[in-house]
Amino acid sequence: MQARNLKRDSGRRSGSFAICVILGLVLLAFMWALSISFGAAEMRFATAWTAIFQYNSEDSEHQIIQTIRLPRTLACLIAGCSLAVCGAVMQGTTRNPLADSGLMGISAGATLAIAVCLAFFPGTTYGERMLFACVGAGVATFMTYYIASLGKRVMTPQRLVLAGISISMLFGAFSQYVAIRYPIGQSLVYWTAGSAAGVKWGELAIVAPVFIAGLLAAWVLSSSITVLSLGEDVASGIGLRTRYVQGAATVIVLLLTGIAVVVIGPVGFVGLIVPHMVRYWVGADYRYIIPASAVYGALLTVAADLLGRIVNKPFETPIGIIFGVIGVPYFLYLVRSQRGRGE
């Protein structure tokens, strides 16, 4: 019955999905243009357009756009896509509306791994740091699920989030100790607040293949995640290999979280807010939720980075602070709504 209802809802929502994605892409293109035009040094749209298609290496404004603003904007797009898709995949596979890589401790694990990498292996390449981040995310994921499953009570979404917050605090304390004990404190503090400043084209070239592979894998898995979101019993009853889907989804989450943390730092709440937002428009089918989340995750992260650059010029407000101001009230609202439903 649930599967038939979902199929009928998917048919009705296909038109809404197309409108949602087209609108999101238009807004993203507009926000992209604003992002490369505004900052500490404001430029006209025409200058930005010329810098992209008729680059003059002797023009200082063109150099700023090509070497600083374009890679920074693309980094925000990659990180926002990754975090939003992670949130959608986690919420679908765990049936936990509070699932997010930040709240589940995954980002904190990746951050600790990066801190250890910077302190003990300062000569590592960008790709090696990304690998460290994925391993740290995996350790944090295992610890979160293990703690949440302890005891005789069933693992509820609230227990999973509490376990994730505990792991985040523990790994955050370890990260701060490493930052204090070794000469990486200032750079680590600014990076953990969330910033795409200083991202280079070469670094983006390293993460881009993994990012594309992760998005494609999430899209391929989306129909299975839709079935799994109905419950493991229902999914197993119609022949879905639930363990395989959950394992593949975990790998996708670890890879995309590792990418996001390496590129802009452990920004929270993107994966919590965006999937819920698009679910109102496209329904409960993850074939629609995941691509729509990718578009709007990128849009919101690029917008947050732009806002951080212009709200307190000439200083910058980190992306993590902006999403924290938005995300904490929304998280409390979700907790309250889940409690009202008795979940």
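Thresholds applied
- Residues numbered from 1 in each chain as written.
- Predicted model: local features only at pLDDT ≥ 70, side-chain atom pairs only at ≥ 80, totals over all residues.
- Heavy atoms only, no water.
- Patch = residues over 30% accessible without salt bridge, like charges linked within 9 Å, V, L, I, M, F, W, Y side chains within 5 Å.
- Areas by Shrake-Rupley, 256 points an atom, 1.4 Å probe, with all protein chains shown as cover.
- Salt bridge = Lys/Arg side-chain N within 4 Å of Asp/Glu carboxyl O.
- Buried < 20%, exposed > 50% of the residue type's maximum accessible area, 1.4 Å probe, protein only.
- Phe/Tyr/Trp six-rings, centres within 6.5 Å; stacked < 30°, edge-to-face > 60°.
- Helix = DSSP H or I, 4+ residues; strand = E, 2+ residues; numbered from the N terminus.
- Lys NZ or Arg CZ within 6 Å of the ring centre and 35° of its normal.
- Expected span 1.5 Å × (residues − 1).
- 1 Å grid on protein atoms, 1.4 Å probe; cavity = no way out; pocket = protein on both sides within 12 Å on 5 of 7 lines; lining within 4 Å.
- Points joined across faces, edges and corners; volume = space filled by probe spheres on them.
- Nonpolar A, V, L, I, M, F, W, Y, C, P; charged D, E, K, R; others polar.
- Contact = heavy atoms within 4.5 Å.
- Axes fitted to C-alpha atoms, helices over the stretch in contact; angles between N-to-C directions.
- Parallel < 35°, antiparallel > 145°, perpendicular 65-115°, else oblique.
- Core = buried A, V, L, I, M, F, W, Y, C linked by side-chain atoms within 4.5 Å.

Caption draft 1: Local environment of a nonpolar patch on the surface. A cluster of nonpolar side chains, Phe-142, Tyr-146, Ile-147 and Leu-150, forms an exposed patch at the surface whose accessible area comes to about 420 Å². Judged by its relative accessible area of 47%, Tyr-146 is partly exposed.

Caption draft 2: Structural detail: the packing of aromatic side chains. For the structure shown, the criterion picks out five aromatic pairs. On the basis of an interplanar angle of 20° and a centroid distance of 4.8 Å, the ring pair of Phe-17 and Tyr-288 is categorised as stacked. With Phe-17 in helix H1 (residues 2-37) and Tyr-288 in helix H12 (residues 286-310), this residue pair connects regions lying 271 residues apart in the sequence. Pairing Phe-121 with Phe-132 gives two aromatic rings, centres 5.7 Å apart and planes at 45°, and the pair type is tilted. One end of the pair, Phe-121, is in the loop between helix H4 (106-120) and helix H5 (126-148); the other, Phe-132, is in helix H5, and 11 residues separate them in sequence. Looking at Arg-287, its charged tip hangs above the ring of Tyr-288, at a distance of 5.9 Å from the centre.

Caption draft 3: Representation of helix H8 (residues 201-228) in the model. Over its 28 residues, H8 extends 38 Å from the first C-alpha to the last, a length consistent with the 40 Å expected when each residue adds 1.5 Å. Within the sequence span of H8, burial applies to Leu-204, Val-207, Phe-211, Gly-214, Ala-218, Leu-221, Ser-222, Ser-224, Ile-225, Thr-226 and Leu-228.

Caption draft 4: Looking closely at empty space enclosed by the protein. Under the defined criterion, the tally for this structure stands at one cavity of 30 Å³ or more. What lines the largest cavity is a set of 12 residues, and nearest its centre among them are Arg-72, Asp-305, Glu-316, Thr-317 and Pro-318. With three residues, H12 is the single largest residue contributor to the lining of the largest cavity. Class assignment for the residues of the lining of the largest cavity results in four nonpolar, four polar and four charged.

Caption draft 5: Fine view of the pattern of salt bridges. Going through the model one piece at a time under the given rule, you end up with four salt bridges. Asp-305 is the partner of Arg-72 in a salt bridge, and the nearest nitrogen-oxygen pair spans 2.9 Å. One end of the pair, Arg-72, is in helix H3 (residues 60-94); the other, Asp-305, is in helix H12, with 233 residues separating them in the sequence. Asp-305 gets classed as buried once you look at its relative accessible area, which sits at 3%.

Caption draft 6: Representation of the environment of Gly-297 in the model. Structurally, the position occupied by Gly-297 is in helix H12. When the C-alpha positions of Gly-297 and Gly-24 are compared, they lie 9.7 Å apart, and in sequence the two are 273 residues distant. Setting aside residues up to four positions removed in sequence, Gly-297 forms contacts with Gly-80, Cys-81, Ala-84, Val-270 and Val-274.

Caption draft 7: Quick look at H5. A rise of 1.5 Å per residue sets the reference length of H5, with its 23 residues, at 33 Å; its end C-alpha atoms lie 33 Å apart and thus fit the reference within 8%. Among the residues of H5, those classed as buried are Tyr-126, Arg-129, Met-130, Ala-133, Cys-134, Gly-136, Ala-137, Ala-140, Thr-141, Thr-144 and Ala-148.

Caption draft 8: View of the packing of helix H2 (residues 45-53) against H3. At a minimum axis separation of 9 Å, H2 and H3 run at an interaxial angle of 75°. Between H2 and H3, the angle is such that the two are roughly perpendicular. For the pair formed by H2 and H3, the contact residues are Thr-47, Ala-48, Thr-50, Ala-51 and Ile-52 on the first element and Glu-61, His-62, Ile-65, Gln-66 and Leu-70 on the second. Classifying every residue of the contact of H2 with H3 gives five nonpolar, four polar and one charged.

Caption draft 9: Inspection of the nonpolar core at higher detail. Counting residues in hydrophobic clusters, the biggest one holds 75 residues, and the most contacted among them are Val-89, Val-207, Ile-259 and Ile-290. Residues Leu-98, Val-161, Phe-269 and Phe-331 belong to the second largest nonpolar core, which totals nine residues.

So, to be careful, I would describe these as geometric facts and stop short of saying anything about function.
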